[in-house]
Amino acid sequence: MTHKSVLGEVREVQLAIQLIQLGARLQFLESEVGLSRERLIRLYKEIKGVSPPKGLLPFSTDWYMTWLANIHSSMFYNMYQFMKIHSDEEKVWILIKSYKLYLQQIAAQDSEPILDFTRAYTMVRFFDSDMLQLSTCCRCSGQFVAHAHDHKSGYVCVLCRPPSRAGKARGAKRGAAGEAAAGIEAMGFGVEAAPGGAGLH
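The rules behind each value
Residues numbered from 1 in each chain as written. Predicted model: local features only at pLDDT ≥ 70, side-chain atom pairs only at ≥ 80, totals over all residues. Heavy atoms only, no water. Helix = DSSP H or I, 4+ residues; strand = E, 2+ residues; numbered from the N terminus. Axes fitted to C-alpha atoms, helices over the stretch in contact; angles between N-to-C directions. Parallel < 35°, antiparallel > 145°, perpendicular 65-115°, else oblique. Left-handed = near helix turned anticlockwise from the far one by under 90°. Contact = heavy atoms within 4.5 Å. Nonpolar A, V, L, I, M, F, W, Y, C, P; charged D, E, K, R; others polar. Salt bridge = Lys/Arg side-chain N within 4 Å of Asp/Glu carboxyl O. Phe/Tyr/Trp six-rings, centres within 6.5 Å; stacked < 30°, edge-to-face > 60°. Buried < 20%, exposed > 50% of the residue type's maximum accessible area, 1.4 Å probe, protein only.

J.: Lay out unusual backbone geometry in plain terms, naming residues and giving numbers.
T.: Positive phi values are uncommon outside glycine, yet D130 reaches one of about 60 degrees. For D130, the location among the structural elements is in the loop between helix 6 (117–128) and strand 1 (132–136).

J.: Describe the packing of helix 1 (residues 6–22) against helix 3 (residues 37–48), naming the residues involved and giving the relevant values.
T.: Helix 3 packs onto helix 1 with a crossing angle of 50 degrees between their chain directions and a minimal axis gap of 10 Å. By the angle class used here, helix 1 and helix 3 are oblique. The handedness of the crossing between helix 1 and helix 3 comes out as right-handed. From helix 1, E9, V13, A16, I17, I20 and Q21 reach across to helix 3, where they touch R39, L40, L43, Y44, I47 and K48.

J.: For the packing of helix 4 (residues 67–86) against helix 6, give the residues involved together with the corresponding values.
T.: For the pair helix 4 and helix 6, the least separation of the axes is 11 Å and the interaxial angle reads 65 degrees. Taken together, the axis directions place helix 4 and helix 6 in an arrangement best described as roughly perpendicular. For helix 4 against helix 6, the interelement crossing comes out right-handed. On the side of helix 4, the interface is formed by S73, F76, Y77, Y80 and K84, while helix 6 contributes A120, M123, V124, F127 and D128. Its residues assigned to classes, the contact of helix 4 with helix 6 shows seven nonpolar, one polar and two charged.

J.: Report on the pattern of salt bridges, specifying residues and quantitative values.
T.: With the rule as written, the count across this model stands at four salt bridges. Two residues, E9 and R39, come together in a salt bridge whose shortest N-O distance is 2.3 Å. With E9 in helix 1 and R39 in helix 3, the pair connects residues that are 30 residues apart, well separated along the chain.

J.: Describe the packing of aromatic side chains, and please don't skip the residues or the numbers.
T.: Under the definition given, this model contains 11 aromatic pairs. Plain terms: the ring middles of F28 and F117 are 5.4 Å apart, the flat faces sit at 80 degrees to each other, and that makes the pair edge-to-face. Of the two residues, F28 sits in helix 2 (residues 26–32) while F117 sits in helix 6, which places them 89 residues apart along the sequence. You'll find F28 and F117 in the same group, each marked buried. Centre to centre, the rings of W63 and Y64 are 5.1 Å apart; their planes meet at 85 degrees, and the pair counts as edge-to-face. Exposure remark for Y64: the relative accessible area of 0% places this residue in the buried category. Pairwise contacts between aromatic rings join F28, F76, Y77, Y80, Y99, Y102, F117, Y121 and F127 into one cluster.

Right, dumping it as structure tokens:
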């Protein structure tokens, strides 16, 4: 007969609360938190005031290859890799702390996050499934998200060779794009070709 630990259950609830506040979808909560689906739905409603959204999780790696999404995704994944190498915490906590750090860096640049928590989580799964890789730019030495098994030799990142229409979107998108690109460089992001893929300064 198994006995549930009260403290263990408290930790599960605390984990669920943090994940919900970051925007985790119900599918992710069910896979990472040892609470019943009914309890997770009740918790979600209490915190967000609405029912959890329905629908499939992202299933394509192509979203991460577009210009601005690639910059944000690469910044997040370099942070995640750094923490993964230098921390002995569980994977889910590394994910949480990396995403919070990403949000802090974006806020420090007075910009808007492009990568939501679900996309961040899905990207980590794509890396684990060998669908994505980090490629090192031959110009700036930064490490950027790329399709797995792409040629790494001669790779040029989206910052060193932005598409012709990059940053020309109207309104808020235009501001966010320009600020993000400037912010990434100001942060000195990902320009250290460290072993194991952790390229943060």
